[in-house]
Every structure is written in structure tokens, then in C-alpha cells.
Amino acid sequence: MLKPLGNRVIIEKVEQEQTTKSGIVLTDSAKEKSNEGKIIAVGAGRLLDNGTRVAPEIKEGDNVVFQQYAGTEVKRGDDTYLILNEDDILAVIEK
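### A few points about the overall build of the chain
Move 1: Counting its regular elements, the chain contains zero helices and eight strands.
Move 2: When the helices and strands of the chain are read in sequence order from the N terminus, they spell out β-β-β-β-β-β-β-β.
Move 3: For the chain, restricting intrachain contacts to residue pairs at least 6 apart in sequence, the fraction spanning at least 24 positions comes to 58%.
Move 4: When the accessible surface of the chain is split by element, carbon and sulfur atoms take 46% of a total near 6900 Å².

### Details of the nonpolar core
Move 1: Formed by Val9, Ile11, Ile39, Ile58, Val64, Phe66, Ala70, Leu82, Leu84 and Ile89, the largest nonpolar core amounts to ten residues.
Move 2: Contributing elements (two or more residues each) for this core: strand S1 (8-13), strand S5 (63-66) and strand S7 (79-85).
Move 3: Residues contacting Ile11, with those up to four places away along its chain left out, are Gly37, Lys38, Ile39, Val64, Phe66, Tyr81, Leu82 and Leu84.
Move 4: In this structure, Leu2, Ile10, Ile40 and Tyr81 belong to the second largest nonpolar core, which totals five residues.

### Considerations on the sheet that holds strand S6 (residues 72-76)
Move 1: Taken together, the six strands give an open sheet; going across it, the order is S6-S7-S1-S2-S5-S8, and neighbouring strands pair in antiparallel fashion. The outermost strands of the open sheet, each flanked by one partner alone, are S6 and strand S8 (89-92). When strand polarity is set aside, the average angle formed by the axes of neighbouring strands in this sheet is 45 degrees.
Move 2: Alignment of S5 against S8, held across three bridges, turns out to be antiparallel. Bridged to Val65 within S8 is Ala91.

### Points about the pattern of salt bridges
Move 1: Tallying each qualifying case throughout the model produces two salt bridges.
Move 2: In this structure, Glu73 engages Lys13 in a salt bridge whose closest nitrogen and oxygen atoms are separated by 3.3 Å. Of this pair, Glu73 sits in strand S6 while Lys13 is found in strand S1, placing the two residues 60 residues apart along the sequence.

### A short note on the pairing of strand S2 (residues 36-42)
Move 1: Sheet topology places S1 next to S2; five bridges connect them, and they run antiparallel. Counterpart to Ile11 in the pairing with S2 is Ile39.
Move 2: Pairing of S2 with S5, which is carried by three bridges, proceeds in the antiparallel orientation. Along S5, the bridge assignment pairs Gly37 with Val64.

### Some thoughts on the confidence of the model for the chain
Move 1: Counting all residues, the mean pLDDT for the chain is 85, and 81% of those residues have values of 70 or more.
Move 2: The spread of mean pLDDT over the elements of the chain runs between strand S3 (residues 46-47), the lowest at 90, and S8, the highest at 95.

Here is what the cut-offs are and how they apply
- Residue indices begin from 1 for each chain and proceed along its sequence in written order.
- Note on the predicted model: pLDDT of at least 70 is required for a residue's local features to be given, and 80 or more for side-chain atom pairs to be given and counted; whole-chain, interface and lining totals, by contrast, use all residues.
- Processing note: side-chain calculations cover all non-hydrogen atoms of the structure and skip hydrogens and water entirely.
- Helical segments are the DSSP runs of H or I of at least four residues, strand segments are the runs of E of at least two, and each set is numbered from the N terminus.
- Note on contacts: a residue pair qualifies if any of its non-hydrogen atoms lie within 4.5 Å across the two residues.
- The accessible surface values rely on the Shrake-Rupley method and a 1.4 Å probe; as for residues, cover is taken only from the protein chains in view.
- Here the nonpolar core consists of buried residues drawn from Ala, Val, Leu, Ile, Met, Phe, Trp, Tyr and Cys, with membership extended through side-chain atoms lying within 4.5 Å.
- Exposed residues in this analysis have more than 50% of their type's maximum accessible area, buried residues have under 20%, and partly exposed residues fall in between, with area computed by a 1.4 Å probe over protein chains only.
- A pair of strands is considered paired only if DSSP assigns at least 2 bridges between the two.
- Only the contacting stretch of a helix is used when fitting its axis, a line to C-alpha atoms as for every element, and angles between N-to-C directions run 0 to 180 degrees.
- Note on definitions: salt bridges are taken to be side-chain nitrogens of Lys or Arg within 4 Å of carboxyl oxygens of Asp or Glu.
- Residue-level confidence of the predictor, termed pLDDT, takes values from 0 up to 100.

Written out as C-alpha cells, the structure reads:
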């Protein structure tokens, strides 16, 4: 498992099937990348100049929306994850 450092988080991206207005299902190569995901790991938080840490606002299990081209994609076995800074998360999706 990956353990994020500092204010980084690890996201499992949520793929959504996309269709055109006429009902055609788009292939993976034709559709836009989803910018929604589920937080699977959270770092310890941002380290301040005085040595204290600011705890992350998000937690494991949160479903979030993140900036479109943020982060670094990492593949572990058959799974693909996205590592990004907490600042790149735009919103938590509430149910």
C-alpha cells in the first residue's frame, strides 16, 4: 500500500461511463478523464515553519472532486492511483 507524505493524498479514481446526447457510449480513449475519486490514504498534514502540522480537512473514504490535471498517476499491480496535494482537491461530494 502507498503511504502519502505531508499534505498529499492518494485517490482511487472513479471512472464514469460517458454517453453523447444521442446515446452513444464513448470508449476510454474518446472520453474525458474523470476528476472524481475516493480518498484511500491521507498524509500527516502540512508542516508549518514552527514545526507544527496542520491536519488535513479530508479523510479516508471521502469522495472528492479534484483539479483536472493535478497529481501524479501511479500503478501498483492492476490498480492505478493518483497522488496529489490536498490543495488540489476542490470539493468533497456529500451524499
